Amino acid sequence: EDQVTQSPEALRLQEGESSSLNCSYTVSGLRGLFWYRQDPGKGPEFLFTLYSAGEEKEKERLKATLTKKESFLHITAPKPEDSATYLCALTPSQGGSEKLVFGKGTKLTVNP
Amino acid sequence: DAGVTQSPTHLIKTRGQHVTLRCSPISGHKSVSWYQQVLGQGPQFIFQYYEKEERGRGNFPDRFSARQFPNYSSELNVNALLLGDSALYLCASRRLFSGNEQFFGPGTRLTVL
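On a predicted model such as this, the values are computed, not experimentally measured, just so you know. (Residues numbered from 1 in each chain as written. Chains lettered and ligands numbered in written order. Predicted model: local features only at pLDDT ≥ 70, side-chain atom pairs only at ≥ 80, totals over all residues. Heavy atoms only, no water.)

A. How the structure looks around the overall build of chain A. The helix and strand tally for chain A stands at zero helices and eleven strands. Listing every helix and strand of chain A by position from the N terminus yields β-β-β-β-β-β-β-β-β-β-β. A compact globule built from 112 residues should have a C-alpha radius of gyration of about 13 Å, and chain A, at 14 Å, falls within 12% of that. Taken over the C-alpha atoms alone, chain A extends approximately 45 × 30 × 20 Å along its principal axes. Relative to its 112 residues, chain A shows a buried fraction of 46%. In chain A, the 14 positive side-chain charges and the 15 negative ones have mean positions that sit 2 Å from each other. (Helix = DSSP H or I, 4+ residues; strand = E, 2+ residues; numbered from the N terminus. Rg over C-alpha atoms; globule rule 2.2 N^0.38 Å. Buried < 20%, exposed > 50% of the residue type's maximum accessible area, 1.4 Å probe, protein only. Lys, Arg positive; Asp, Glu negative; His and termini not counted. Charge placed at Lys NZ, Arg CZ, Asp CG, Glu CD.)

Written out as structure tokens, the structure reads:
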């Protein structure tokens, strides 16, 4: 069964304190791995797509990386406005749909 | 370009009632998917529609149904509402042949009393 597990469930950082969020997955074939940011009561906001092991994507203070079993979202020198829940999701290559299988998310709080 | 829009934003229903949620995709996006997100969990896939045809269905009961219209907008219908149907319902659209990312709307918050 396709599965996504995110850790930690919650993370508190001081402003400027860099850290990483983990997304481990099991899937028979990977069409794509996605990172989203979600603010309370809002829809997820797309951040990155990764397709193959070794791939990296970067945007401002965020960098996403991918291995065959895990993805990491690295946050460098975070600011309070980076506080949100970060969701990891994948689309399996098997099956005809484009369904996203999500993890439960990591709730990040950045204190000033 | 305008993003994915959903209506209504909030809805309160009682058990046993029926509800219809609506979604308009980003202009040029022909694929629409629906997700259910309960508090503290990640979104769970319900349906995907492309060119008015169902292309995928998640593990939800037959009380859930959807359709897509010629203008690519979509409706999600839920019959015989249960307390456990209370959730944020999200719609996402994707432009085919241009990456696999899906773009989400703001969601409809459904409360079943």
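Moving on, there is more to tell.
B. View of the pattern of salt bridges. Scanning the entire structure with this criterion turns up ten salt bridges over all chains. The partner of Arg-37 of chain A in a salt bridge is Asp-39 of chain A, with the nearest N and O atoms 3.1 Å apart. A residue is classified by how much of its surface remains accessible, and Asp-39 of chain A, at 26% relative accessible area, is partly exposed. Between Glu-75 of chain B and Arg-67 of chain B there is a salt bridge, with the nearest N and O atoms lying 3.3 Å from each other. (Salt bridge = Lys/Arg side-chain N within 4 Å of Asp/Glu carboxyl O.)

C. How the structure looks around the sheet that holds strand β1 (residues 3-7) of chain A. Residues and elements named next belong to chain A. The strand order across the open sheet formed by five strands is β1-β3-β8-β7-β6, and the pairing between neighbours is antiparallel. Across the chains shown, the open sheet's two edge strands, defined by having one partner strand only, are β1 and β6 (56-59). In this sheet, neighbouring strand axes are inclined to one another by 15 degrees on average, regardless of whether the strands run parallel or antiparallel. In this structure, strand β3 (residues 19-26) lies alongside strand β8 (residues 70-75), joined through six bridges in antiparallel fashion. Its bridge partner being in β8, Leu-21 is matched across the sheet by Leu-73. (Pairing = 2+ DSSP bridges. Axes fitted to C-alpha atoms, helices over the stretch in contact; angles between N-to-C directions.)

D. Representation of the sheet that holds strand β1 (residues 5-7) of chain B. Residues and elements named next belong to chain B. Pairing is antiparallel across the open sheet formed by four strands, whose spatial order is β1-β3-β8-β7. Pairing within the sheet leaves two strands with one partner each, and these edge strands are β1 and β7 (64-68). Here the strands of the sheet are splayed against their neighbours by 15 degrees on average, with no regard to which way each runs. When strand β3 (residues 19-24) meets strand β8 (residues 74-78), the two strands line up antiparallel, connected through five bridges. Across the sheet, residue Val-19 finds its bridge partner in β8, namely Val-78.

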